[in-house]
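Fold and contact review
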Amino acid sequence: MSTFVPIYNAFQAFVRSASFIDVATWLAAVWALLTVIRATGKKSRTTKLRGPKSTSLLFGVGKELLESPDTGVIFEAWSKEYGVAYEVPMICGEKRIMLCDPKAIAHVLSRDTWSYVGIPGHKASVLRVVGKGLIWAEGESHRRQRRSIAPSFNSTAIRKLGPAIHKTVERLKLAWESKVDANGSGSVILDVHKWYHSGDLLIMFSLDSFGIAGFSYDFGSLDGKPNSMISVLDAFGAPFPQSLLDNSVLLLSTVFPIVINVPTSRGKLFDKLRAQMSEICDIIIDNAAQGNEGASDKDVSTIGLLLTAEDEESGQRITREEVLAQARELPSLLVTMTWALLELARHPHVQTKLREELLSFSGEPSYDQLTTGFPYLDAVVQEILRVHPAAQGRIRQADEDDVIPLSEPVQTKSGEVVDSITVERGTVIGISIPCMNCSEAIWGPDAKVFRPERWLDPDGITKKAQEMKGYRHLLTFTDGPRTCIGKLFAVAEIKTVLSVVIKNFVLEMRDGPDTKIEIARGIVLRPKVVGEDGIKVPLRVTQYKG
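Some words on the overall build of the protein
Summing up its helical and strand segments, the protein has 22 helices and 12 strands in all. Of all 546 residues assigned to the protein, the portion counted as buried reaches 55%. A separation threshold of at least 6 residues defines the contact pool for the protein, and within that pool the share at least 24 residues apart is 73%. Here the protein has roughly 23500 Å² of accessible surface; of this, 56% comes from carbon and sulfur atoms.

Here it is in structure tokens:
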């Protein structure tokens, strides 16, 4: 081990200092060697499935998928042609099996972290940006962290956070009212996608409420207080560097994790974000630790609970590095908030119906009332989560030989029809969340339509969709041992925001409900109005007078 470390460090230094041509030449040689090994090695026991043809000798179809704004549509088209399980050519000759079948997906996700694990390239990227938290961990490490963290995100804990979230919502309401009054015309155009300029947007509410409820730390965004977290979130929303070097390194790193150390614009952005987030999280964790001293149960924040979290079986506490990793996972919720406002502005009849339900209740609803007392609000939130999942997919690698059952048969390359597929250790499995959430084969012919009523109609959820084992038949939060531990917090916050915003304001697309929207690629996928410079979603906000 002592001999290997200096060799590895020297190799990392070479990768960082080498030109892209040098690295590409070296990788081409390695790729050629891998091709020879695959050709002369033992025959794979993995079922040979049909699938799309490769469009690149080196990248397979990876470049098309990386550049596509909606990979779910691509995967759905391939599933229609090749069946619910098919083979996709990826980087350096890798064959990835894509699953578009509820039964097969439930099988794989139920065995996640043990029989199926993360691929090395993806784990290296997560480690670089987030750290050794739940997303990165596997096996016993993941199990220990999850057992320790779970009590901080259950319904009891979130119920205690309700007053803190509502307090921040009121600040948002006052900020928007001030903007409307200052404009003097009864309404104001706000860009709900901009990450800074306090008081302009819902994003600032999300940051402040996440800080207060999650960390006992007030970022003060809605009050105009400058803070470095705003620049971090702005970077998450900015367009991704899309140079040939950036895209090539990203694709190649899935097979050769060491490539992630090649200096690129994207890599520098990741390093800067991690450094900034670590600095901020250190401050708020120290603040939470001090706040825990002498605090009552009702006053302890989520982060405060995490700092004292202990695994009942081992007695081992969650480490500071693991707490930091949980604190870095904010931007995906912000994007979901943006989609929620956008869809309500695009569908005035849905917004009106939701407002009528909310106005029928007087006072401030509790967590339990928001959970069960507003069926149309629940339907709207479910539909937003279905149509606009923050996570785009799962890529896992079989850690042992397995047989995956299918709900319907598929045809192999040899023409044989099978109702299960064999995968040997090392086989890479892919699951597209947008495809599964919006597949016409699963959700019916109106699968791509934003229609909250489907969650209220007796036959609104198809039998095929009911076979999905995720949260409320969705894969938005994935499923199994790695299901999103903060899903109840996310749903509660979205409902709280909508309950106040829609009751007090009318949202409209600045250029009318038929305004075209497209997806912009950043560290997270975000919506933008077609034709707008940069990433903008301008909405007209009018105070509701009744």
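Quick notes on the environment of His347
Considering the arrangement of structural elements, one finds His347 in the loop between helix H15 (331-346) and helix H16 (348-359). Sequence separation between His347 and Glu508 is 161 residues, and the spatial gap between their C-alpha atoms is 8.8 Å.

Comments concerning the packing of helix H18 (residues 375-387) against helix H22 (residues 487-504)
At a closest axis distance of 10 Å, the pairing of H18 and H22 adopts a crossing angle of 120°. For the element pair H18 / H22, the angle class is oblique. Like other packed secondary-structure pairs, H18 and H22 cross with a definite hand, here right-handed. Here H18 contributes Leu377, Asp378, Val380, Val381, Ile384 and Leu385 to the contact with H22, which in turn contributes Val491, Ile494, Lys495 and Leu498. For the contact of H18 with H22, the residue count by class is 8 nonpolar, no polar and 2 charged.

Quick notes on the sheet that holds strand E4 (residues 187-191)
Taken in spatial order, the 3 strands line up as E4-E12-E9 in an open sheet, and their pairing is antiparallel. Edge strands, defined here as strands with exactly one partner in the open sheet, are E4 and strand E9 (505-509). Pairs of neighbouring strands in the sheet enclose a mean axial angle of 30°, with direction left out of account. Relative to strand E12 (residues 538-543), E9 runs antiparallel, the two sharing 5 bridges. If you follow Phe505 over to E12, its bridge partner there is Gln543. In the packing of helix H8 (residues 155-183) onto the sheet, contacts are made with E4, E9 and E12, and the angle to E4 comes to roughly 125°.

Topic: the packing of H8 against H22
The interhelical angle for the contact between H8 and H22, taken along N-to-C directions, is 30°, at an axis separation of 9 Å. Handedness of the H8/H22 crossing: right-handed. Counting all contacts with H8, which are made through Ser155, Ile158, Leu161, Ile165, His166, Val169, Leu172, Lys173 and Trp176, the residues of H22 involved are Leu488, Phe489, Ala492, Thr496, Val500, Val501 and Asn504. Each residue belonging to the contact of H8 with H22 can be placed in one class, and the counts come to 11 nonpolar, 4 polar and 1 charged.

Here we look at the sheet that holds strand E1 (residues 85-89)
Spatially, 5 strands are ordered E1-E2-E8-E5-E3 in an open sheet, and the strand pairing comes out mixed. If you trace the sheet from one side to the other, it starts and ends with E1 and strand E3 (116-118), each paired once. In this sheet, adjacent strand axes meet at a mean angle of 40° when their direction is disregarded. When strand E5 (residues 393-398) meets strand E8 (residues 428-432), the two strands line up antiparallel, connected through 5 bridges. By the bridge assignment for E8, Ile395 is matched with Gly430. Contacts from helix H4 (residues 71-82) reach E1, strand E2 (95-99) and E8, with the element oriented near 120° to E1.

Description of the pattern of salt bridges
On inspection of all chains with the given rule, the structure shows 29 salt bridges. Residue Glu76 is joined to Lys448 by a salt bridge in which the shortest nitrogen-to-oxygen separation is 2.6 Å. Taken together, the residues span a long stretch of sequence, with Glu76 in helix H4 and Lys448 in the loop between helix H20 (440-443) and helix H21 (463-466) at a distance of 372 residues. In this structure Glu76 comes out as buried when scored by relative accessible area, which is 5%. Two residues, Lys80 and Glu440, come together in a salt bridge whose shortest N-O distance is 3.7 Å. Remark: Glu440 occurs in helix H20 and Lys80 occurs in helix H4; sequence separation between them is 360 residues. Judged by relative accessible area, Glu440 falls into the partly exposed class, the value being 35%. Each member of the salt-bridge network shares a partner with another, and the members are Asp112, Lys123, Glu138, Arg394, Arg396 and Arg482.

Things to note about the nonpolar core
Core analysis: the biggest nonpolar cluster contains 104 residues, and Leu99, Trp176, Ile404, Ile421 and Leu498 have the highest contact counts within it. In terms of residue count, H22 provides more of this core than any other element does, 10 residues in total.

Here's the deal with unusual backbone geometry
Positive phi is not limited to glycine here, since Arg472 has a value of about 55°. Tracing the sequence through the fold places Arg472 in the loop between H21 and H22. Positive phi is not limited to glycine here, since His473 has a value of about 70°. Counting through the fold element by element, His473 comes out in the loop between H21 and H22.

Calculation notes
The residue numbering used here restarts from 1 in each chain and proceeds along that chain's sequence as written. Under the rules for a predicted model, residues below a pLDDT of 70 receive no local features and side-chain atom pairs below 80 are neither given nor counted, while totals for whole chains, interfaces and linings still include all residues. Heavy atoms throughout the structure, all of them, feed into the side-chain values; hydrogens and water do not. Here a helix means four or more residues in a row that DSSP labels H or I, a strand means two or more in a row labelled E, and each is numbered from the N terminus. Only protein chains enter the area calculation, which uses a 1.4 Å probe; residues under 20% of their type maximum are buried, those over 50% are exposed, and those in between are partly exposed. The contact definition used throughout considers only heavy atoms, calling two residues in contact when any of these lie within 4.5 Å. Calculation of accessible area relied on Shrake-Rupley with a 1.4 Å probe; when residues are assessed, cover is drawn exclusively from the protein chains displayed. Fitting a line to C-alpha atoms yields each axis, with helices limited to the stretch in contact; the angle taken between N-to-C directions then spans 0 to 180 degrees. Roughly parallel means an angle under 35 degrees; roughly antiparallel, over 145; roughly perpendicular, 65 to 115; everything else is oblique. Should the near helix be turned counterclockwise from the far one by less than a right angle, the crossing is left-handed, whereas a clockwise turn marks it as right-handed. Side-chain classes follow a simple rule in which Ala, Val, Leu, Ile, Met, Phe, Trp, Tyr, Cys and Pro form the nonpolar group, Asp, Glu, Lys and Arg form the charged group, and the remainder, Gly included, forms the polar group. What makes two strands pair is DSSP finding at least two bridges between them. We define a salt bridge as a contact between a side-chain nitrogen of Lys or Arg and a carboxyl oxygen of Asp or Glu at a distance within 4 Å. Joining through side-chain atoms within 4.5 Å is the link that ties buried Ala, Val, Leu, Ile, Met, Phe, Trp, Tyr and Cys residues into a set, and such a set is a nonpolar core.

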